[in-house]
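Here is what each chain is made of, one letter per residue.
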Amino acid sequence: MSEYRSTCDLGELAQRVKLARSVAVVSHSRPDGDAAGSILAVSRALRLLGTRVDAIFTGAVDPNILALAEAGEVRLDTAGPIDPLVELAIVVDTGSQSQLEPLDVWLRGMGDRVLGIDHHARGEDIARHRVVDTSAASTTQIVTRLMDLLGVDVRSAGPGCRRTIAEALFVGLATDTGWFRYQSADAAVFALASRLLDAGVDRIALYQALEENGRVPRLAATARALASITHHAGGRAILMSLSPADFAATEATSDDVGGVVNIPLEIGSVGLSVLLTETKPGVTKASFRSKSRPDGTPWLNVSDFASKFGGGGHALAAGARFACAIDEARTRVADAIARDEGLLL
Ligand SMILES: [Mn+2]
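Note that this is a predicted model, so its numbers are computed, not measured. (Residues numbered from 1 in each chain as written. Predicted model: local features only at pLDDT ≥ 70, side-chain atom pairs only at ≥ 80, totals over all residues. Heavy atoms only, no water.)

Some words on the domain arrangement of the protein
- When the domains of the protein are assigned, the result is domain 1 (10-211) and domain 2 (217-344).
- Inter-centroid distance (C-alpha atoms) of domain 1 to domain 2 is 27 Å.
- Facing the nine residues of domain 1 at the interface are eleven residues of domain 2.
- With both sides pooled, the region where domain 1 packs onto domain 2 buries about 830 Å², and carbon together with sulfur makes up 39% of that total.
- Of all residues in domain 1, Arg30, Arg122 and Gln183 give up the largest surface area on contact with domain 2, accounting jointly for 56% of the area buried on that side.
- Applying the counting rule to domain 1 against domain 2 returns two salt bridges.
- Arg30 serves as the salt-bridge partner of Asp255, at 3.1 Å between the closest nitrogen and oxygen.
- Of the residues assigned to the side of domain 1 that touches domain 2, the class counts are three nonpolar, three polar and three charged. (Domains from an automatic or database assignment. Contact = heavy atoms within 4.5 Å. Buried area = accessible area lost by both parts, 1.4 Å probe. Salt bridge = Lys/Arg side-chain N within 4 Å of Asp/Glu carboxyl O. Nonpolar A, V, L, I, M, F, W, Y, C, P; charged D, E, K, R; others polar.)

Details of the layout of surface pockets
- In this model, the second largest pocket occupies a volume close to 210 Å³.
- Considering the residues around the second largest pocket, the lining is formed by 14 residues, among which Arg163, Glu167, Asp202, Ala205 and Leu206 are closest to the centre.
- Sorting elements by how many residues they give to the lining of the second largest pocket places helix α8 (residues 203-211) first, with three residues.
- A breakdown of the residues in the lining of the second largest pocket according to their chemical character gives seven nonpolar, four polar and three charged. (1 Å grid on protein atoms, 1.4 Å probe; cavity = no way out; pocket = protein on both sides within 12 Å on 5 of 7 lines; lining within 4 Å. Points joined across faces, edges and corners; volume = space filled by probe spheres on them. Helix = DSSP H or I, 4+ residues; strand = E, 2+ residues; numbered from the N terminus.)

Here's the deal with the environment of Ala220
- Here Ala220 lies in helix α9 (residues 217-227).
- Judged by relative accessible area, Ala220 falls into the partly exposed class, the value being 36%.
- Separated by 32 residues in sequence, Ala220 and Ala252 place their C-alpha atoms 8.1 Å apart. (Buried < 20%, exposed > 50% of the residue type's maximum accessible area, 1.4 Å probe, protein only.)

Written out as structure tokens, the structure is:
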């Protein structure tokens, strides 16, 4: 496995994109705001340039995320593009083999015709030609630079689509910075936000559509997650879990509990929050969240912490998957916290 870093610059990437007549744009399974925003921004721009674009969302897609796309703009859950003449694959917001699993066979078949645009610190050699900028707050921040290199006006809507490229870029920027609260929301992020608001983005409507549009089962599931809290590392770490029985009893799905992992960080003395969910028997997902100390450094780099379990992400937000039931996963995470307790001081 080669090191996960840029293998070319964005200008070279733009040249390759310009030459392709047919591309597929993909990202990780269960796309979040940045994955979906990046796919939509790139596909809207390329369609404007006359390129044939297959925009693909894989995995179970949160309905609020799906609603960012217009009818017919993206295809769901597929092993690859319908068009066999696709010349280029553009992978955005991930370089992780496990997150691209539904597209694995097709991507391998594409060989060196895979381009990557990402801001994660870890990944595999899937996109031979890639730009990895870990200083970017969102992948859409890098995609904006690509738009500028392609000479595409972000105020444009996609062809046959009322929604603009700017809106898709903003969604990624806003969601990946916790709506401009995280450490990553620096002056460049606010400058880009300003540019996108100038381009007509309705941030209130987007906030409501994404963050104030939950389903009722969220409340009961949140109550169960909070009731499951155990304190670790002298109270500096919190573990929560939602078992298959919890999901069944509350009629909630994993989409309904997005952001619940952040709640314990509202407590001043808590620097690590973990939520474990078992939605498929024998498969447990862990979400890890930390927050900044007053000096700006993370309480705990949860990307490093998640990598102990084969996961990854960002310094303050990361995840991992366990091939075991929730109780065993909970024990493994609690043991790792106990070993790492010193890091949380
Ligand atoms: Mn991202």
